[in-house]
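Remarks on the overall topology
Single-letter residue listing:
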Amino acid sequence: MGRGARFLPLTIQRMLNGRFLKEGSHEQKQKKMLARIILAAVLVVVLSPLPIRGLPRLALYLLTYLVIGSDILKKAGRGILNRQVFDENFLMAVATVGA
């Protein structure tokens, strides 16, 4: 395994653990989002050529969807609990699931 292959997962893990920046900073949130985007992209690239079909494939792609869309789904859930069903987060969640 090359040096770059070992470096990327360690960097993503450090981003997720927040070791680069102090807690709660705007830059730290951006780093976490970047790590989630990279992780979702890697999952899509890895899952695409696999010969898995049917429900297992759907479950694996839903895992990718949860990695990248969890914050919107959480906000949509909070909106529903606060009786604001048709806020922008709920509509975004519906649109992405439908796509």
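On a predicted model such as this, the values are computed, not experimentally measured, just so you know. Just so you know, the residues in each chain are numbered from 1, in the order the chain's sequence is written. Selection of residues for local features in this predicted model requires a pLDDT of at least 70, selection of side-chain atom pairs for listing and counting requires 80 or more, and totals for whole chains, interfaces and linings are taken over all residues. The side-chain figures draw on all heavy atoms in the structure; neither hydrogens nor water molecules are used.

**What about the overall build of the chain?**
In plain terms, the rule: Under the scheme used here, helices are H or I runs from DSSP no shorter than 4 residues and strands are E runs no shorter than 2 residues, and both carry numbers assigned from the N terminus. With a 1.4 Å probe rolled over the protein chains alone, any residue whose accessible area is under 20% of its type maximum counts as buried; one over 50% counts as exposed, and the rest are partly exposed. Whether two residues are in contact is decided by their heavy atoms, any of which lying within 4.5 Å being enough. Surface accessibility in these figures is a Shrake-Rupley result with a 1.4 Å probe; residues are shielded only by whichever protein chains are displayed.
From N to C terminus, the chain includes four helices and zero strands. Seen in sequence order, the chain has helices and strands lined up from the N terminus as α-α-α-α. In the chain, which comprises 99 residues, the proportion classed as buried is 21%. In the chain, of all internal contacts separated by at least 6 residues, the share reaching a separation of at least 24 is 31%. Summed over its atoms, the accessible surface of the chain is roughly 7600 Å², and 67% of this surface lies on carbon and sulfur atoms.

**Overview of the packing of helix α3 (residues 55-81) against helix α4 (residues 88-98)**
Stated formally: The axes used here are C-alpha line fits, helices contributing only the stretch in contact, and every angle between their N-to-C directions lies in the interval 0 to 180 degrees. Each angle gets one of four labels, with under 35 degrees taken as roughly parallel, over 145 as roughly antiparallel, 65 to 115 as roughly perpendicular, and the rest as oblique. Here a crossing is taken to be left-handed if its near helix is turned anticlockwise relative to the far helix by less than a right angle, and right-handed if that turn runs clockwise.
Put simply, α3 and α4 touch, their axes get as near as 8 Å, and they point 140° apart. Classified by the angle between their axes, α3 and α4 sit oblique to one another. Seen along the crossing, α3 lies across α4 with a hand that is left-handed. Residue-level contacts link Tyr 65, Ile 72, Leu 73, Lys 75, Ala 76 and Ile 80 of α3 to Asn 89, Phe 90, Met 92, Ala 93, Thr 96 and Val 97 of α4.

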